[in-house]
Amino acid sequence: MAMALIMVCANAMTTTAWASSCREALWRAQPDAATPSEPVVPIVGERDLATAWRPLAERAAERSNEWGAARLLAEAAQHDLRETEAGRLPQVGLTGNLVGAGGRVDGQRRDATHTASLGVNVSGRLYDWGRLDQLAAWRRAQADSARIGSDLAREQVMLATVAAVADLSRYRAHAQVYARYAQSLDCLVASLEQIVAVDRGRGSELLQARKTRAQAELARDVAQAQVRQIGLRLEKLLGPGYETRLPQAAVTRWVPEREQVLQGVDAAPELQQLRAQAEAAERLAASIEAGRKPQFFWSVNGADAQQGETRVSNWQAGVGVSYALYTGRADESALLAALRRAQATREQLEGVLATRRAQAAELHDAATTAFERADQYALILRDSEQVRRATIQQWAQLGRRSLFDVMSAESEHFNLQVAQVNALYDGLLSTLQLQALGPGLPRWLGLQEP
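What comes next concerns the included structure. (Residues numbered from 1 in each chain as written. Predicted model: local features only at pLDDT ≥ 70, side-chain atom pairs only at ≥ 80, totals over all residues. Heavy atoms only, no water.)

Looking only at helices and strands, the chain features ten helices and six strands. In the chain, which comprises 450 residues, the proportion classed as buried is 40%. Partitioning the intrachain contacts of the chain with sequence separation of at least 6 by distance along the chain shows that 85% fall at a separation of at least 24. Put simply, the chain shows about 24800 Å² of open surface, and 53% of that area lies on carbon and sulfur atoms. (Helix = DSSP H or I, 4+ residues; strand = E, 2+ residues; numbered from the N terminus. Buried < 20%, exposed > 50% of the residue type's maximum accessible area, 1.4 Å probe, protein only. Contact = heavy atoms within 4.5 Å. Areas by Shrake-Rupley, 256 points an atom, 1.4 Å probe, with all protein chains shown as cover.)

Here you go:
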C-alpha cells in the first residue's frame, strides 16, 4: 500500500514537471504566424507572385531546346513563304557553251571547228487563275501556324516551370509541418521516458509515442525527398544551382472571372493554330483547283553564236499556254485530299474548343472550391488548436485524458495544416492551368511576345 502510494506520488511529480516544460514546447511547434489558423505559406497578391515568377519563366524558356526547335521551324516556314512569293517575279536564265569539233573523212583529217554561243531567257506568269496567290496564302497560313506553335512551346515550358516551383513550395511546407510535428512528439517521448522510469506499467504509452514519432519523421523524409526530386526537375529547366535563388514560397488566391476565361478560350493560341492549319488546307485546295485550268505565260529569248568566222544572233518573244489533258485523276485526288484535311481540321477545332470550354469550367470550379476549402480548414484549425491545448493540459495537469487522446489531437492538428497547404496549392495550380487555357500564361506573367 505504501509502495503504491509512493509510485503514484512520483508519477504525479514527474507529470507536473513535464507540464511546465513540454507543454510550452508543444505549443511552440506552430507556424510562425499570428494565429494558428493562418497557412504555413504566406498569401500574396496576384501581381506580386507573377513578378516573382517572371524571371524563372523567362530563364526556362531561353534554355528550352523545345522552344528553340519550334522557333527554327517558324523561321523555316517564313523562308518557304518568301520562296513562293518570289514566283511572282520574272525568271531570268542564262545559257552558254563552247564546243570544239573535229574528225577524219576517208582517212583525211578535217580541220577542227570551234563554236561559242550565249543565250538569255526571261519568262514570267501571265495569268494562272490565282494559283500563285493561293499558294502564297497557303504558305502564309503555314507560317502563322508555325509561329503560334513556337508560342505554344514557350508557354508549355513556362507552365512546367511555375508548376514545379509551386510543387516545390508545397512540399517544403509539408516538410516544415511534419518537422514541427516530429518536434512535438520528441517532447512527448522524452517526457514518457521519465514517467516510465518511475512507472513501468506505462511502457506501452512510450512505445506508441515512439511509433507515432517515427511515422511523423517518415512523412517529413518523404516530403524532403519530393523537394529533392522537384529540385532536379528545376535544375534541368533553370540550370544547376538555380534552386537556391528561387523566391520565397508564397501563394495567391486570385481566380479570374469565369466569363473572362471562357472568352479567352476562344482566342487561345492552340485554337488559333488549328484555324491557321484549316486555312492553309483550304488555300492549298484552291491552288490545286486553279492549277487544273490553263496556265498562261510569256517569255523572251535571245541568243548569240559564233562558229568560225560566222556569227549568228537571234531573238524571239511570245506567250504560251500549258494545260494538262490527262493526269490519271491525280489532280482531283490531291484536291479532295486538301479539302478533307481542311474539313478534318475544322472538326478538330470544334472538338478542341468544346473540350477546352469544359476544362475551363471545371478548373474554375476546382480553383474556387480549393480556396473555399482552405478557408474551411482555417476555421477548423482554430478549433483544433483549442482542442489540442485543452487536451495537453488535461492530460499533463489533471490526468483526465490519455496519451492516445493527446497524440490523436496532435495528429489531427498537423494533418489539418498539411490539408490547408494542399488546398491552397491545388487552387493555385488550377488557376495557372486556367490561365494557360485562356489568354496564356505569358500574358499573366507580364512577358512580351517573343
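Here the focus is the nonpolar core. Residues W53, L234, L432 and L445 are the most contacted members of the largest nonpolar core, which totals 65 residues. With 20 residues, the single largest contributor to this core is helix α4 (residues 131-198). Not counting chain neighbours up to four residues away, the residues in contact with L432 comprise W53, L159, V162, L441 and W444. Among the nonpolar cores identified, the runner-up in size contains twelve residues, and V261, V265, A268 and V352 belong to it. (Core = buried A, V, L, I, M, F, W, Y, C linked by side-chain atoms within 4.5 Å.)

What follows is about helix α3 (residues 65-85). Between the first and last C-alpha of α3 there are 31 Å, a value that for 21 residues agrees with the 30 Å anticipated at 1.5 Å per step. Buried within α3 we find W67, G68, A70, A74, A77, L81 and T84. Lining the buried residues of α3 we find α2 (46-63) and α4. (Expected span 1.5 Å × (residues − 1).)

Turning our attention to the pairing of strand β6 (residues 310-322). As defined by bridge partners, strand β5 (residues 295-307) adjoins β6 across 13 bridges and the pair is classed as antiparallel. The partner of A303 across the bridge, within β6, is N314. (Pairing = 2+ DSSP bridges.)

What follows deals with the pattern of salt bridges. Tallied over the full model, the rule gives 24 salt bridges. For D80, the salt bridge goes to R139, with nearest N and O atoms at 3.8 Å. Of this pair, D80 sits in helix α3 while R139 sits in helix α4, and the two are 59 residues apart along the sequence. One salt bridge in this structure joins D221 and R220, with 3.4 Å as the shortest N-O distance. (Salt bridge = Lys/Arg side-chain N within 4 Å of Asp/Glu carboxyl O.)

For the coordinates displayed, the defined rule picks out four aromatic pairs. A ring pair is formed by Y127 and W129, whose centres lie 5.0 Å apart and whose planes are at 65 degrees; its orientation type is edge-to-face. Pairing Y181 with F414 gives two aromatic rings, centres 5.0 Å apart and planes at 25 degrees, and the pair type is stacked. Here Y181 is found in helix α4, whereas its partner F414 is found in helix α9 (residues 403-437), with 233 residues between them in sequence. Among the aromatic side chains, those forming a connected cluster through ring pairs are W53, W254 and W444. When the ring centre of W67 is taken as origin, the NZ or CZ atom of R71, which lies over that ring, is 4.0 Å away. (Phe/Tyr/Trp six-rings, centres within 6.5 Å; stacked < 30°, edge-to-face > 60°. Lys NZ or Arg CZ within 6 Å of the ring centre and 35° of its normal.)

Let's shift gears to the packing of α4 against helix α7 (residues 269-291). For the pair α4 and α7, the least separation of the axes is 8 Å and the interaxial angle reads 160 degrees. Looking at the two axes, α4 sits roughly antiparallel to α7. Seen from above, α4 lies across α7 with left-handed handedness. The residue makeup of the contact of α4 with α7, split by class, is twelve nonpolar, nine polar and six charged. (Axes fitted to C-alpha atoms, helices over the stretch in contact; angles between N-to-C directions. Parallel < 35°, antiparallel > 145°, perpendicular 65-115°, else oblique. Left-handed = near helix turned anticlockwise from the far one by under 90°. Nonpolar A, V, L, I, M, F, W, Y, C, P; charged D, E, K, R; others polar.)

Further remarks concern the side chain of Q435. The residue Q435 is located in helix α9 in this model. For Q435, a relative accessible area of 9% corresponds to the buried category. Apart from residues no more than four positions distant in its own chain, Q435 is found in contact with W254, G440, L441 and W444.

This next bit is on a nonpolar patch on the surface. A cluster of nonpolar side chains, namely L126, Y127, W129, F296, V319 and V321, defines an oily patch on the protein surface of about 610 Å² accessible area. Looking at the nonpolar patch, the elements that each hand over two or more residues are β3 (108-127) and β6. Among the secondary structure elements, W129 is positioned in the loop between β3 and α4. (Patch = residues over 30% accessible without salt bridge, like charges linked within 9 Å, V, L, I, M, F, W, Y side chains within 5 Å.)

So, on to unusual backbone geometry. Positive phi outside glycine occurs at W129, with the angle close to 60 degrees. A relative accessible area of 38% places W129 in the partly exposed class. A positive phi angle is found at R329, which is not glycine, with a value near 65 degrees. Of note, R329 is situated in the loop between β6 and α8 (330-398).

Moving on to the environment of Q386. Relative to the elements of secondary structure, Q386 occurs in helix α8. For Q386, a relative accessible area of 52% gives the class exposed. The spatial distance from the C-alpha of Q386 to the C-alpha of A409 is 10.0 Å, given a sequence separation of 23 residues.

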